Amino acid sequence: MALFKDPEKILAASSDHPSTVVGGAHRSDQRLSPGAIYLHYILTGLATTILGISAFYHDSAAALIIDGQVVAAAQEERFTRIKQDAAFPINAIRYVLEEAGIGHDELTAIAFYDKPFLKFERLLETYHSFVPRGLSSFAKAIPLWIKDKLFMKKLLRQQCRQLGINDKIPLFFPEHHLSHAASAYYPSPFNEAAILTIDGVGEWATTTICHGQANEIKILKELRFPHSVGLLYSAFTYYLGFKVNSGEYKLMGLAPYGNPHSLQTAGFRQKITEKLVDLREDGSILLNMDYFNFATGLTMTHDQKWEALFGFGPRAPESALNQAHMDLALAIQEVTESIVLALARTAGELTRSSNLVIAGGVGLNCVANSKIARLFEQIWIQPAAGDAGGALGAACAVYHIGYQHERKITPGFDGMKGAYLGPSVTDKDIASVIRRYEAAYDYFENFEELTAVVSQKIAEGKIIGWCQDRMEFGPRALGNRSIIGDPRNPDMQRILNGKIKLREGFRPFAPSVLEEEAALYFDMNAPSPYMLFVAPVKEVFRKPEPANYRELDLFNRLYHLRSDIPAVTHVDYSARVQTVNKETNPKFWQLINDFKKITGWGMLLNTSFNVRGEPIVCTPEQAYLGFMHTGMDWLVIGNYLFDRQRQKNPVGMNNIPTGFSPD
């Protein structure tokens, strides 16, 4: 028996709007600046400008679309330096408006990414269903809702007034999963596609299956709270000692260290599917809420029941990891993959589509994505798949639903511009950093001369901070706010995790490879520009495992020389690949190509320019302070090259607080 609910009016952009979608993403010449795009539409009298906002839960963000084209988008955390900042994104909004060069009174509409009243309804009904459990949690939650979140329209108007945005500008509230669905479908390169959205929870929905077809989105099935794939995965994130809503990456990274052939892993998997979650053939699930505490409590699980089930208690954060932790991580990863695969099959059967698009936080599980991709001819995943991307999706939903604009696509190209939608690096900002910190530098008039020098240093084992052009939107650094290293270096993973990123040693790194050469190194047949898929390293580059490999402890397995590119090869011989296109990011492509001329390898190790617990850097100043605060050897900002050995060390530079901000 399926557990999906048939949706009821969940496509409405506002409470009284018809539940249909007309229109789609429009792409103009990507060489035009946002201001030039806006000027073009103003002069031709066609501009419809929508500001999208996500806020107040986690990953606040703002996005701006002009006549269907994505112009700018950024997370608030990049400006405030507060990881996953949930505050109203006042800085992100200022940025997207300034980037487009428009005034506050020139907005056509504002879109918020969910419906607060429906979320409050779910909160009340959930507490009522679980009475008397959760009274203490209820007492804490309700005053906060009544004070702030329930009257979201009033709160948003107040915040927007501080930015000079007029109250007369219409304000829309698309539902949460509509925002996700719109973020996946409208910027995609497909004129028709199955749409799968999976996360923790929106208002009521936790999963939706939709069909996008020409000018229409139709929601076909929805799974409702508390039965949630995202919350199931987050429960294990919590139990294994990682932070919910950010530690899921760590859980996914830990899973390959589990033993897929062990009786312990098989036993964990069986206990999950027999005691915790009832998985149906169509991918719908039913959670056994006797084991979960997230509906009404302040933790994710009933720890004593889980301890009795799995034989060990919740892991304390930062404590040692043992094989039981790794095997449990693998077990829940495998169960999650089986659920998501079943959902994808159902989406294909219901829509009869050969294309699939995905959004929602679970869409960032690149291991599951790679298995789903085998079921469809083409797949596209929103690079900002989590709540930040909801800001963009809300704007797209209003543009196409509320204003019923025509959807136009360029086949083979998406509308995300490589996800390079954030603030740009400017020479003015770099000059300010140089003056403020008396920084020593070399300037290269010719950028190819710079990449030739930097690629040589990478080949010599140096670690490079790389800050170029517009910042990425979403959780991945895609070559504009990156830390770069040599993937051939067997010590690079240990050095980067321990001395640069200051994070757990088992965390993997990604290869950024020339798009045209990806198939030479990895078993893959399609581009992966947003680092959202894994692919096996070709057999020819692998090293054999020792006979006792599965009996070795975590770090002996981790530092075993697994391939010719050990710094980016996971313990299961896979890699989370980013393919770099010469047209989309010519500077990063040039650096990789120069490295190939020296070494014969058309790839670099790429990780985000941040340290553990901090957002990715945004500005040249943050990049310089991050460079000085860590063990990086060289820093490149624009055409400027900074050598650590030549920098002054002002009093206090080594004591800069985390966040890479002097203020």
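Residues numbered from 1 in each chain as written. Predicted model: local features only at pLDDT ≥ 70, side-chain atom pairs only at ≥ 80, totals over all residues. Heavy atoms only, no water.

**Examining the sheet that holds strand S6 (residues 192–198)**
Sheet strands line up and pair through hydrogen bonds in the backbone, either parallel or antiparallel. Rule in force here: Here, any two strands with at least 2 DSSP bridges between them count as paired. Think of it this way: any DSSP run of H or I at least four residues long counts as a helix, any run of E at least two long counts as a strand, and we number them from the N terminus. Convention adopted: a line fitted to C-alpha atoms gives each axis, helices being fitted over their contacting stretch, and angles between N-to-C directions are expressed from 0 to 180 degrees. Whether two residues are in contact is decided by their heavy atoms, any of which lying within 4.5 Å being enough.
Read across the open sheet, the five strands follow the order S8-S7-S6-S11-S12; overall the sheet is mixed. Every interior strand has two partners, whereas the edge strands, strand S8 (216–224) and strand S12 (378–381), have only one. On average, each strand axis in the sheet is tilted by 20° relative to the strand beside it, whichever way the strands run. Of the strand pairs in this sheet, strand S7 (residues 205–213) and S8 are connected by eight bridges, and their pairing is antiparallel. Each bridged residue has a counterpart across the sheet, and for Thr-207 the counterpart in S8 is Leu-223. With respect to the sheet, helix H7 (residues 176–185) is in contact with S6, S7, S8, strand S11 (355–359) and S12, its orientation differing from that of S6 by roughly 140°.

**Describing the packing of aromatic side chains**
Note the threshold: Whether two aromatic rings pair depends on their centres lying within 6.5 Å, for rings of Phe, Tyr and Trp, where Trp uses its six-membered ring; planes under 30 degrees apart make the pair stacked, over 60 edge-to-face, and the rest tilted. Under the scheme applied here, a residue whose accessible area is under 20% of the maximum for its type counts as buried, over 50% as exposed, and between as partly exposed, the area being computed with a 1.4 Å probe on protein chains only. Only when the NZ atom of a Lys or the CZ atom of an Arg is both within 6 Å of the ring centre and within 35 degrees of the ring normal do we say a charge sits over the ring.
Counted under the stated rule, the structure contains 31 aromatic pairs. Geometrically, the ring pair formed by Phe-56 and Phe-112 is tilted, given 6.3 Å between the ring centres and 40° between the ring planes. Separated by 56 residues along the polypeptide, Phe-56 in the loop between strand S1 (49–54) and strand S2 (61–66) and Phe-112 in strand S4 (residues 109–112) bring together distant segments of the chain. By relative accessible area, Phe-56 is classed as buried at 17%. Judged by its relative accessible area of 1%, Phe-112 is buried. For the ring pair Phe-225 and Phe-294, a centre distance of 6.0 Å and an interplane angle of 65° mean the geometry is edge-to-face. With a gap of 69 residues between them, Phe-225 in the loop between S8 and helix H8 (229–239) and Phe-294 in the loop between strand S10 (285–287) and helix H11 (303–310) connect regions that are remote in the sequence. Phe-225 sits in the buried class, given a relative accessible area of 10%. Linked through ring pairs, Phe-225, Phe-236, Tyr-239, Phe-268, Phe-292, Phe-294, Trp-306, Phe-310 and Phe-312 together constitute an aromatic cluster. The ring of Phe-447 carries the charged tip of Lys-587 above its face, separated from the ring centre by 5.1 Å.

**Topic: unusual backbone geometry**
Following Phe-225, the chain continues to Pro-226 via a peptide bond in cis, the omega torsion being 10°. Looking at where Pro-226 falls in the secondary structure, it is placed in the loop between S8 and H8. With a phi close to 55°, Leu-502 is a non-glycine residue in the positive phi region. For Leu-502, the position within the fold is in the loop between helix H17 (492–500) and strand S18 (510–514). Judged by relative accessible area, Leu-502 falls into the partly exposed class, the value being 44%.

**Focus: the pattern of salt bridges**
What counts here: Salt bridge, as used here, is a side-chain nitrogen of Lys or Arg placed within 4 Å of a carboxyl oxygen of Asp or Glu.
Going through the model one piece at a time under the given rule, you end up with 22 salt bridges. Two residues, Glu-99 and Arg-470, come together in a salt bridge whose shortest N-O distance is 3.9 Å. A residue pair is termed long-range when its members are at least 10 positions apart, and Glu-99 in helix H3 (residues 90–100) and Arg-470 in strand S16 (residues 470–472) qualify at 371 residues. The exposure class of Glu-99 is partly exposed, given its relative accessible area of 22%. Among the salt bridges present, the one from Arg-507 reaches Glu-504, with a minimum N-O distance of 3.2 Å. Judged by its relative accessible area of 14%, Arg-507 falls in the buried class. A relative accessible area of 14% means that Glu-504 is categorised as buried. Three or more residues joined by partner-sharing salt bridges are found here, namely Lys-250, Glu-318, Glu-504, Arg-507 and Arg-612.

**Description of the nonpolar core**
Keep this limit in mind: For this analysis, a nonpolar core means a set of buried residues of the types Ala, Val, Leu, Ile, Met, Phe, Trp, Tyr and Cys, connected via side-chain atoms within 4.5 Å.
If you look at the biggest cluster of nonpolar residues, it comprises 146 residues, and the most contacted ones within it are Leu-51, Phe-236, Ile-272, Phe-292 and Phe-310. At 13 residues, the largest contribution of residues to this core is made by helix H12 (residues 323–351). With sequence-adjacent residues up to four places away left out, Phe-310 is seen in contact with Phe-236, Phe-268, Lys-271, Ile-272, Leu-276 and Leu-328.

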